[in-house]
Amino acid sequence: MASNISSAVVSEHHAEGSVFDKTSGLRVIDLSNFEERKQEIAQQLVSSAKDVGFFFITGHGISQSDIDKTFEYSKLFFNLPVSVKEKHPFDLDTFAGWRGLKELSEVTGTRLWEQFVAPIDRPGNPIAGTKYPEDNLIPGFKKHVEEFQRKSQAVAGLLLRGLAIGLGQSEDFFLGGLDFDADDVATLLGFNYYPPTEGHWKAGDAFRLHGHADYNLITLLYRREGETGLELLPGKDAVADPRVKNQDIRGAWRGVPDNTASWVPAPPLKGTITVNIADILTRWTDGELRSTYHRVRSPDQATGEPLGERRSLAHFVAPNRSFVVKSIKGTYPPITAGELIASEGHAYGSKFNDPEWQRIAYSTEGFTAATATRGPARHALSQNPSNVFRVFVGSEDLFPEEAPRIAVA
Ligand SMILES: O=C(O)CCC(=O)C(=O)O
Ligand SMILES: [Fe+2]
């Protein structure tokens, strides 16, 4: 049984020792004493990975002070002036770098999210030396990112060993591409910053992060207590999405319409890391393990959610770029992890000037009463039914240093 979980949030202890979070229904998997318990852990991991593709882990050994320190670096980075951050722009080939509110608003339709995806800065990396601010601006930042990722990657190693065991493969089956010291290491630490919404929205009817599935192998998502908003769409994943061709699960920067019904809230659970299966693992396992769509909804004042800033850390664990991903049953053609990652980056890049894609991904199709009944959105939507997201870009005062590029009808 998980020891460091508050009994107030975890309800059911099932006969076989499984623990589930009451709010989200997600399984809480205790990784402690992995070597002795790996068969049991393996069964729990595979069950969750096949079912929702999301779960919480405890007994992971990452200290709260390491996590807190990484969140402190997040503050230091995002507090830098835009003129500094934009010197390290998002790179389409490696998925690393900074994406600001203005850029993301054009691609995703939301103006409530800023991201810095931090690489491991090895000399052989094509973007070596280009993605970090000068060390005197944030002393020790790059070094800390590497140390933190090394620890987090060790936890990912346990998860991948467990998943391999549970699938009847050799224990190191998924570890082949995870050489952290190689020059083509591709694992990244995503820093997400969602600005405060207080005074701008009265209800939880805008999205901080659009619905998406992660492009990488497996994600360890670090969140802060009380920072709600993450929602999942069980059953809607990379394989189930008809817009993703069955023979081609690769990054496509797919947006799932945010109006789709049945999003399940998954608030953070004290002492745990949230883990999700991502596209490369789905591809590798012929769709057996699910890369599930998820998003971050803006807080709803009516239900007392905090309206202040929100931050998260997404450790996007990925095989090294030269590693060839071959699906177990041969459903998908072999491809290098580097190509998969770059195709996701380029798909994102191609959205800049593609209004038709934005229309399909984020706006009206299937738009239902679920959103239409919520406060300001309803009114604004009635003014401009063509795109629900555009109605929120009127709040330029949120980001005074950025001029609005999208006209509000
Ligand atoms: O901020 C969150 O809770 C989710 C972040 C996420 O899904 C991502 O960075 O891919
Ligand atoms: Fe994600």
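The rules behind each value
- Residues numbered from 1 in each chain as written.
- Chains lettered and ligands numbered in written order.
- Predicted model: local features only at pLDDT ≥ 70, side-chain atom pairs only at ≥ 80, totals over all residues.
- UniProt positions renumbered as here; feature names shortened; annotations may be inferred.
- Helix = DSSP H or I, 4+ residues; strand = E, 2+ residues; numbered from the N terminus.
- Contact = placed C-beta atoms within 7 Å.
- Axes fitted to C-alpha atoms, helices over the stretch in contact; angles between N-to-C directions.
- Parallel < 35°, antiparallel > 145°, perpendicular 65-115°, else oblique.
- Core = buried A, V, L, I, M, F, W, Y, C linked by C-beta atoms within 7 Å.
- Buried ≥ 20, exposed ≤ 12 C-beta atoms within 10 Å, placed from the backbone.
- pLDDT = per-residue confidence, 0-100.
- Left-handed = near helix turned anticlockwise from the far one by under 90°.
- Nonpolar A, V, L, I, M, F, W, Y, C, P; charged D, E, K, R; others polar.
- Near = placed C-beta within 6 Å.
- Pairing = 2+ DSSP bridges.

An unreviewed UniProt entry annotates the protein as Clavaminate synthase-like protein originating from Coccomyxa subellipsoidea. Word for word, the UniProt comment on the protein under Sequence similarities (unreviewed entry) is "Belongs to the iron/ascorbate-dependent oxidoreductase family."

Here we come to the overall build of the protein. Across its full length, the protein holds 10 helices and 16 strands. For the protein, contacts bridging at least 24 residues in sequence account for 76% of all contacts bridging at least 6.

A few words on the packing of helix α1 (residues 34–51) against helix α5 (residues 141–166). The description of two helices packed together rests on the angle between their axes and the distance between the axes. Interhelical geometry of α1 versus α5 gives an angle of 75° and a closest axis separation of 7 Å. The angle between α1 and α5 falls in the class roughly perpendicular. For the pair formed by α1 and α5, the contact residues are Phe 34, Lys 38, Gln 39, Ile 41, Ala 42, Gln 43, Leu 45, Val 46 and Ala 49 on the first element and Leu 158, Leu 159, Gly 162, Leu 163, Ile 165 and Gly 166 on the second.

With that settled, the discussion passes to the nonpolar core. Burial of nonpolar side chains together is a common tendency in soluble globular proteins. Among the nonpolar cores identified, the biggest contains 87 residues, and Leu 163, Ile 218 and Ile 280 are the most heavily contacted of them. It is α5 that provides the largest number of residues to this core, a total of eight residues. Discounting chain neighbours no more than four positions away, the residues touching Ile 280 are Asn 216, Leu 217, Ala 318, Pro 319, Val 325, Ala 337 and Leu 340.

The next point concerns the confidence of the model for the protein. Model confidence for the protein is summarised by a mean pLDDT of 81, while 76% of its residues fall at 70 or above. Segment residues 1–12: pLDDT under 50, and 27 contacts once partners within four positions in sequence are set aside and those in other chains are kept. Low pLDDT, under 50, characterises residues 363–409; the stretch is placed with 74 contacts to residues that sit more than four places away or in other chains. Reported confidence for the predicted complex is 1.00 by ipTM and 0.86 by pTM.

Here we come to the packing of helix α2 (residues 64–78) against α5. Between α2 and α5, the least distance of the axes is 11 Å, while the angle of their chain directions is 145°. Regarding α2 and α5, the two cross each other, and that crossing is left-handed. In contact with Asp 66, Lys 69, Thr 70, Tyr 73 and Phe 77 of α2, α5 contributes Phe 141, His 144, Phe 148 and Lys 151. For the contact of α2 with α5, the class distribution of residues is four nonpolar, two polar and three charged.

Below, the discussion takes up the site of ligand 1. Close to ligand 1 lie Gly 190, Asn 192, Leu 209, Asp 214, Leu 221, Arg 223, Leu 230, His 294, Val 296, Ser 312 and Ala 314. The set of elements that each furnish at least two residues to the shell around ligand 1 consists of β7 (188–194), β9 (218–223), β13 (292–297) and β14 (310–317). Of the residues contributing to the shell around ligand 1, the split by class is five nonpolar, four polar and two charged.

Take unusual backbone geometry next. Most peptide bonds take the trans configuration, and most residues that are not glycine carry a negative phi. Although it is not a glycine, Asn 33 sits at a positive phi angle of roughly 50°. Structurally, Asn 33 can be placed in the loop between β3 (27–30) and α1. The class of Asn 33 is exposed, set by 11 C-beta atoms lying within 10 Å.

Right, let's talk about the sheet that holds strand β11 (residues 264–265) for a bit. Strands in a sheet are paired, the pairing made by backbone hydrogen bonds, and the direction either parallel or antiparallel. Overall, antiparallel pairing links the four strands, which are arranged β8-β13-β10-β11 in an open sheet. The open sheet has two edge strands, β8 (207–212) and β11, and neither has a second partner. Direction of pairing for strand β10 (residues 230–237) relative to β13: antiparallel, over a ladder of four bridges. Opposite Leu 232, over in β13, you have His 294 as the bridge partner.

Let us now look at the environment of Phe 116. Among the structural elements, Phe 116 can be located in strand β6 (residues 114–118). Taking C-alpha positions, Phe 116 is 8.4 Å from Gly 100, a pair spaced 16 residues apart along the chain. Other than its neighbours up to four places away in sequence, Phe 116 contacts Phe 77, Trp 98 and Phe 191.

Another point: the environment of Tyr 293. As for its position among the elements, Tyr 293 is in strand β13. Along the backbone, Tyr 293 and Pro 126 are 167 residues apart, and their C-alpha atoms lie at a distance of 30 Å. Excluding residues within four positions of it along the chain, Tyr 293 makes contact with Gly 211, His 212, Ala 213, Leu 233, Lys 236, Asp 237 and Val 256.

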